[in-house]
Amino acid sequence: MKKIDSTKRYEMLAERMGNGDMDRRSFFGLLGAAGIYAGVSGGIMTTMASQARAAGTELYFEGWGGVVSEALRAHAFNPYQDATGNTVVDATFGGEAEVLTKIKAAGNTNGHNILHSSGVSWYKRWVDAGYGSELNTANIPNIGNVMDAIIAPFKAITPDSLSAVPYDYGTTGIAYNTKYVTKEKAMELGANLLLDKELKGKIGAWGGDWANRAWYGALQSNQDPNNIQDWDAVWDKARENRDLVLKYWSSGAELMDLLAKEEIYVTEAWSGRVAALQAQGHPIAYMDPPNGLAWMESMFVLKGSPMAEAEELLNFMLDPATAIAVAEGQKYPTSLDPNKVKMTPMIEALPAYDPTGKMDKLVFRDPVVWNEVEKEQSKQWNRVSKGG
């Protein structure tokens, strides 16, 4: 029997699924079997996948944990490992700042290869710090299915190369428990729902990102978040919110736990985490206030990583079957262009989903504006968060 290269086998299976000869469940089941090809030699069954794993490359991935990491592991990393023999070692971070600190302290990127990075602001920060790689997009043909509108902000920073591929997007809107807050009240107050004194002690907030606190402070002080003129007013609103907050959450898992247990009734929240709660049957509604914060995430490959293997993983992750399965699992829309790739009803129903592929109705953080004020304003948030 002629042996079939494991990656070629994957491509053949993907083509069969694309032609409608098998469904996605069968596709991932075949990839996840005990080796995707079994050869016979001297009457002894051997698996190419097992052989490949023995000599494979390790890729170190860091992400946000919870349902996001679970989706990536089940629908992307495990099938990729079975198809290639490489290993994805994934870990959870509380934020990219801690990764950057570790890398600077070590003086190298050893043990850090791919980050589930927070969009354009962090893309610029990693590149400016000298940790950007140069992807060979010829090795990532599936990047051709990614929305032009979501790639453009990255190309504006590095016109001649890319260090990352955009992977998903969402919004940071407001979640509220419909048992305690009506839709009418939420829509009337918008961002000011987070300042409702009647809900004191039942309000949550994300405390780990100064820029998020500032964005909502800008909305609450009637300012354009990408053109803040009165920073004192922004932090006054942050103080007002602070005095009503039960707890600042620091991860998506903690956000979901606080809402599910009804320890809090209202909080700003990540759209995908709310969608996950809704799928579990919790009475949590979600709204994006006017000029609410939209964001995109990328798979950022750090300088010094094994590039060929990283590019193969990115191409695998951008395969429509994989990207759609991950999007359904993590509840964030994929970066793939809906005009090129047919989306499922589940994805089309997700918060923040843009059916046009143009993303012109979403408001993103201007990386130049926000990165320039980070040093000063992040210190101000540290003071406010501690009672100042």
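In the block above lies the structure referred to throughout.
Values in this document were obtained by computation on a predicted structure and should not be read as measured data. (Residues numbered from 1 in each chain as written. Predicted model: local features only at pLDDT ≥ 70, side-chain atom pairs only at ≥ 80, totals over all residues. Heavy atoms only, no water.)

Peer 1: Sorry, what's going on with the layout of surface pockets here?
Peer 2: Roughly 930 Å³ of internal volume is contained in the largest pocket. Of all elements in the fold, only helix H5 (96-106), helix H6 (119-128), helix H9 (210-220), strand S11 (293-301) and helix H16 (367-385) reach the threshold of two or more residues within the lining of the largest pocket. (1 Å grid on protein atoms, 1.4 Å probe; cavity = no way out; pocket = protein on both sides within 12 Å on 5 of 7 lines; lining within 4 Å. Points joined across faces, edges and corners; volume = space filled by probe spheres on them. Helix = DSSP H or I, 4+ residues; strand = E, 2+ residues; numbered from the N terminus.)

Peer 1: How should the pattern of salt bridges be read in this particular structure?
Peer 2: Two side chains of opposite charge can pair, provided their charged atoms sit close to one another. Tallied over the entire structure, the rule returns 14 salt bridges. One salt bridge in this structure joins Asp 196 and Lys 185, with 2.5 Å as the shortest N-O distance. Taken together, the positions of Asp 196 in the loop between helix H8 (183-189) and strand S7 (203-206) and Lys 185 in helix H8 put the pair eleven residues apart, joining distant regions of the chain. Asp 243 is the partner of Arg 242 in a salt bridge, and the nearest nitrogen-oxygen pair spans 3.1 Å. Salt bridges linked by common partners bring Lys 185, Asp 196 and Glu 198 together as one network. (Salt bridge = Lys/Arg side-chain N within 4 Å of Asp/Glu carboxyl O.)

Peer 1: Honestly, unusual backbone geometry in this entry has me stumped. Any pointers?
Peer 2: With glycine set apart, most residues show a phi of negative sign, and most peptide bonds adopt trans. For Asn 222, which is not glycine, the phi dihedral falls at a positive 60°. Tracing the backbone shows Asn 222 in the loop between H9 and helix H10 (231-242). Among the residues examined, Asn 222 registers a relative accessible area of 71% and is labelled exposed. (Buried < 20%, exposed > 50% of the residue type's maximum accessible area, 1.4 Å probe, protein only.)

Peer 1: Is there a simple way to think about the pairing of strand S6 (residues 164-177) in this case?
Peer 2: The side chains of a regular strand alternate, residue by residue, between the two faces of the sheet. When you tally the buried positions in S6, you get 14 out of 14 residues, the bulk of the element. As judged from the five bridges shared by S6 and strand S9 (residues 266-270), these two strands associate in the antiparallel manner. Across the sheet, residue Gly 173 finds its bridge partner in S9, namely Ala 269. In terms of strand pairing, S6 meets strand S10 (residues 284-287) through four bridges, oriented antiparallel. Across the sheet, Asn 177 pairs through a bridge with Ile 284, a residue of S10. (Pairing = 2+ DSSP bridges.)

Peer 1: It is not clear to me how the environment of Ala 186 should be interpreted in this structure. Could you clarify?
Peer 2: Counting through the fold element by element, Ala 186 comes out in helix H8. Through-space distance from the C-alpha of Ala 186 to that of Ile 174 is 8.8 Å; in sequence the pair is twelve residues apart. Sequence-distant contacts of Ala 186, defined by excluding residues within four places in its chain, comprise Tyr 176, Val 181, Leu 193 and Met 287. (Contact = heavy atoms within 4.5 Å.)

Peer 1: Is there a simple way to explain helix H4 (residues 66-84) in this structure?
Peer 2: Note that an α-helix has 3.6 residues per turn; residues three or four places apart therefore point the same way. A rise of 1.5 Å per residue sets the reference length of H4, with its 19 residues, at 27 Å; its end C-alpha atoms lie 25 Å apart and thus fit the reference within 8%. The sharpest bend along H4 reaches about 45° and sits at Arg 73. In the stretch just after H4, Gly 85 is the one whose phi turns positive, near 85°. (Expected span 1.5 Å × (residues − 1). Bend = angle between axes of the 7 residues up to and from the residue.)

Peer 1: Whenever I open this one, the packing of aromatic side chains confuses me. Can you help?
Peer 2: A ring pair, where both rings are aromatic, is described by two values, the distance of the centres and the angle of the planes. For the coordinates displayed, the defined rule picks out 20 aromatic pairs. Judged by centre distance (5.6 Å) and plane angle (40°), the rings of Trp 210 and Trp 370 are tilted. Pair noted here: Trp 210 is in helix H9 and Trp 370 is in helix H16, with a separation of 160 residues, a long-range link. The class for Trp 370 is buried, based on a relative accessible area of 3%. (Phe/Tyr/Trp six-rings, centres within 6.5 Å; stacked < 30°, edge-to-face > 60°.)

Peer 1: I tried to follow the packing of helix H13 (residues 307-318) against helix H14 (residues 320-330) on my own but got confused; where do I start?
Peer 2: For any two helices packed against each other, the geometry is given by the interaxial angle and the distance between the axes. The interhelical angle for the contact between H13 and H14, taken along N-to-C directions, is 70°, at an axis separation of 5 Å. By the criterion of interaxial angle, the relationship of H13 to H14 is roughly perpendicular. Where H13 abuts H14, its residues Phe 316, Met 317 and Leu 318 lie against Pro 320, Thr 322 and Ala 323. Looking at the contact of H13 with H14 residue by residue, the class counts come to five nonpolar, one polar and no charged. (Axes fitted to C-alpha atoms, helices over the stretch in contact; angles between N-to-C directions. Parallel < 35°, antiparallel > 145°, perpendicular 65-115°, else oblique. Nonpolar A, V, L, I, M, F, W, Y, C, P; charged D, E, K, R; others polar.)

Peer 1: Is there a simple way to think about the pairing of S11 in this case?
Peer 2: With nine of nine residues buried, S11 lies mostly within the body of the structure. Burial along S11 is two-sided: Leu 293, Trp 295, Glu 297, Met 299 and Val 301 facing one way and Ala 294, Met 296, Ser 298 and Phe 300 facing the other are all buried. When strand S5 (residues 114-117) meets S11, the two strands line up antiparallel, connected through four bridges. Opposite Leu 115, over in S11, you have Phe 300 as the bridge partner. Inspection of the sheet shows S6 paired to S11 by eight bridges, in the antiparallel sense. Directly across from Thr 171, in S11, lies its bridge partner Ala 294. Both S11 and strand S12 (residues 363-364) contribute to a ladder of two bridges, which runs parallel.

Peer 1: Got a minute to help me understand the environment of Lys 185 in this structure?
Peer 2: For Lys 185, a relative accessible area of 23% translates into the label partly exposed. Excluding anything up to four places from it in sequence, Lys 185 contacts Asp 196 and Glu 198. A polar atom in the side chain of Lys 185 sits 2.5 Å from the side chain of Asp 196. (Polar contact = N/O pair within 3.5 Å; in protein donor to acceptor, adjacent residues only side chain to side chain.)

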